[in-house]
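Coordinates in review
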Amino acid sequence: MNQQQFNQQLCEFLDAATTPFHAVAEMAGRLEAQGFTALQEDASWDLQAGGKHFVIRNGSSIVAFVIGSQSPPVEGMRMVGAHTDSPCLMVKPVPEVTRQGYFQLGVEVYGGVLLNPWFDRDLSLAGRVAYQCEDGQLRTALIDYREAVATIPSLAIHLDKEANKSRSINPQKDILPLLCQSGDDDKPDFRDLLKSRLLQEHPDCAVQQVLDYELAFYDSQAAAIIGLEREFIAGARLDNLLSCFTGLQALLRGDGTASALLVCNDHEEVGSLSAAGAQGPLLRSVLKRLAGHEQAYAALTDRSMMISADNAHGIHPNYADRHDDNHGPLLNRGPVIKINANQRYASNSETAGLFRMLAAAENVPVQSFVVRTDMACGSTIGPLTAAETGIKTIDVGVPTFAMHSIRELAGRWDGYYLYRALREYFK
Ligand SMILES: [Zn+2]
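Read on for a plain summary of the structure. (Residues numbered from 1 in each chain as written. Predicted model: local features only at pLDDT ≥ 70, side-chain atom pairs only at ≥ 80, totals over all residues. Heavy atoms only, no water.)

Direction vectors running N to C along helix α6 (residues 238-252) and helix α11 (residues 414-426) enclose 40 degrees, while the axes themselves pass 8 Å from each other. Overall, the two elements α6 and α11 adopt an arrangement that is oblique. Regarding α6 and α11, the two cross each other, and that crossing is right-handed. Residues Leu-242, Thr-246, Gly-247, Gln-249, Ala-250 and Leu-251 of α6 touch α11, and the partners they reach there are Gly-415, Leu-418, Tyr-419, Leu-422, Arg-423 and Phe-426. A breakdown of the residues in the contact of α6 with α11 according to their chemical character gives seven nonpolar, four polar and one charged. (Axes fitted to C-alpha atoms, helices over the stretch in contact; angles between N-to-C directions. Helix = DSSP H or I, 4+ residues; strand = E, 2+ residues; numbered from the N terminus. Parallel < 35°, antiparallel > 145°, perpendicular 65-115°, else oblique. Left-handed = near helix turned anticlockwise from the far one by under 90°. Contact = heavy atoms within 4.5 Å. Nonpolar A, V, L, I, M, F, W, Y, C, P; charged D, E, K, R; others polar.)

Encoded structure:
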């Protein structure tokens, strides 16, 4: 796969993976197409050398793995981690609001959303819906409107002269997406709207009534390669679907001799503490089953390594003082090793050294990031996974701009560089 093919497929993945549920469904489809089989957590597993499998939890987290020629406790697993979720606006349980003849939906803010860029975008809506069937059973299905069905219009500057200086955003009041015009009497029932959408996308679903849902708005603008020299990739959810996609491509193209694993967790943006999150038991439970018993599990975790891949902050030319002078990663200059003495990142000299050697073997440049000493450091699934499993870990990621905006920006080369380093790692 060359750089053009990589980015073309990355854009298609970003456009299809509009929610963590859709991201996992997309990854499962690609895995199945390459001979991976789905395992159920409540069934017994037949794990043999050469086996290629995946496990899904909550529809929004996935662990995919290849069993190499040596058993995992003997040789260890080469693991890559990323997260499937991105900051967004999620529909409230009783969402219908009509004001001034407009039908709007109440939203909750999921994760650390950069709110300003959500105004004046063509928004669509996607997620998971739970419904009762005509036979009385509870079922769930994914829906995605795929086209612009809502928008959050800005207040005109004429009505707020201070807008460019001091406009702040009240998330309860200012960001309700507007869907259509309607009066109080003919106000749509949101669950009825969802029922017709369900029937449209899943004509055989026999839905009697929609019970509940996890639905998020997203930008309907497709991801694109942009810039005068087409050096950049712009798109929603680059944090962290870029890493999910990159890890997946590296896993799919491994030669199968070494045991390799990809874990993509939901709920990173809200702290990872959930049944499907990195602070939950999913990965540990899979590794225990791969090991078989407690002593083998200890050997497996001792001999394994995790590359936690999540985007880094590139140094922004308009705000260069937000970075340490010696640690300002540039776009298209390679993946970034993230270091933090206070363990907000899990990298240590041993894991960082190994990553540098992997990158050098593929002629991939590497950059370093530490946060300014007078600023607080972000974190990712790396330290949590390391703490949950005891596996030595490194935090890396491609440099980006506008992290947590509705449209983020990365360099065209960096995802591909990371892919090559991970492919080398899985060999
Ligand atoms: Zn992230």
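Let's pick the thread back up.
Attention shifts here to the sheet that holds strand β19 (residues 399-401). Spatial ordering of the open sheet is given by β11-β12-β20-β19-β15, a layout of five strands whose pairing is mixed. If you trace the sheet from one side to the other, it starts and ends with β11 (224-226) and β15 (312-313), each paired once. Sheet topology note: the β19/strand β20 (residues 408-411) ladder contains two bridges and is antiparallel. Each bridged residue has a counterpart across the sheet, and for Thr-400 the counterpart in β20 is Ala-410. (Pairing = 2+ DSSP bridges.)

For strand β14 (residues 305-309), the buried fraction is high: five of the five residues fall into the buried class. Side chains Met-305, Ile-307 and Ala-309 of β14 all project onto a buried face; the interleaved residues Met-306 and Ser-308 project onto the opposite face, where all are buried too. Here strand β4 (residues 78-83) runs beside β14; their pairing, made up of four bridges, is parallel. The residue bridging Arg-78 from the neighbouring strand is Met-305, located in β14. Summarising the sheet, β14 and strand β18 (residues 392-397) pair through five bridges and their orientation is parallel. Note that in β18 the partner of Met-305 across the bridge is Lys-392. (Buried < 20%, exposed > 50% of the residue type's maximum accessible area, 1.4 Å probe, protein only.)

As a further point, take the environment of Ile-67. Mapped onto the elements of the fold, Ile-67 is located in the loop between β3 (61-66) and α3 (72-75). Taking the C-alpha atoms as reference points, Ile-67 and Ala-258, 191 residues apart in sequence, are found 7.1 Å from one another. Beyond its immediate stretch of four places on either side in the chain, Ile-67 contacts Leu-47, Gln-48, Ala-49, Gly-50, Gly-51, Pro-72, Gly-256, Ser-259 and Leu-290.

The next subject is the side chain of Asp-144. One can find Asp-144 in strand β8 (residues 138-144). In this structure the side chain of Asp-144 is engaged in a polar contact, spanning 2.9 Å, whose partner is the backbone nitrogen of Arg-146. Of the polar contacts made by the side chain of Asp-144, one reaches the side chain of Tyr-218; its length is 2.5 Å. Setting aside chain neighbours within four positions, we find Asp-144 in contact with Thr-18, His-22, Ser-124, Leu-125, Ala-126, Arg-197, Glu-201 and Tyr-218. (Polar contact = N/O pair within 3.5 Å; in protein donor to acceptor, adjacent residues only side chain to side chain.)

The next point concerns the pairing of β4. The element β4 is largely enclosed, with a buried count of five among its six residues. Both β4 and strand β13 (residues 260-265) contribute to a ladder of six bridges, which runs parallel. Each residue of the ladder has a partner; that of Met-79, found in β13, is Leu-261.

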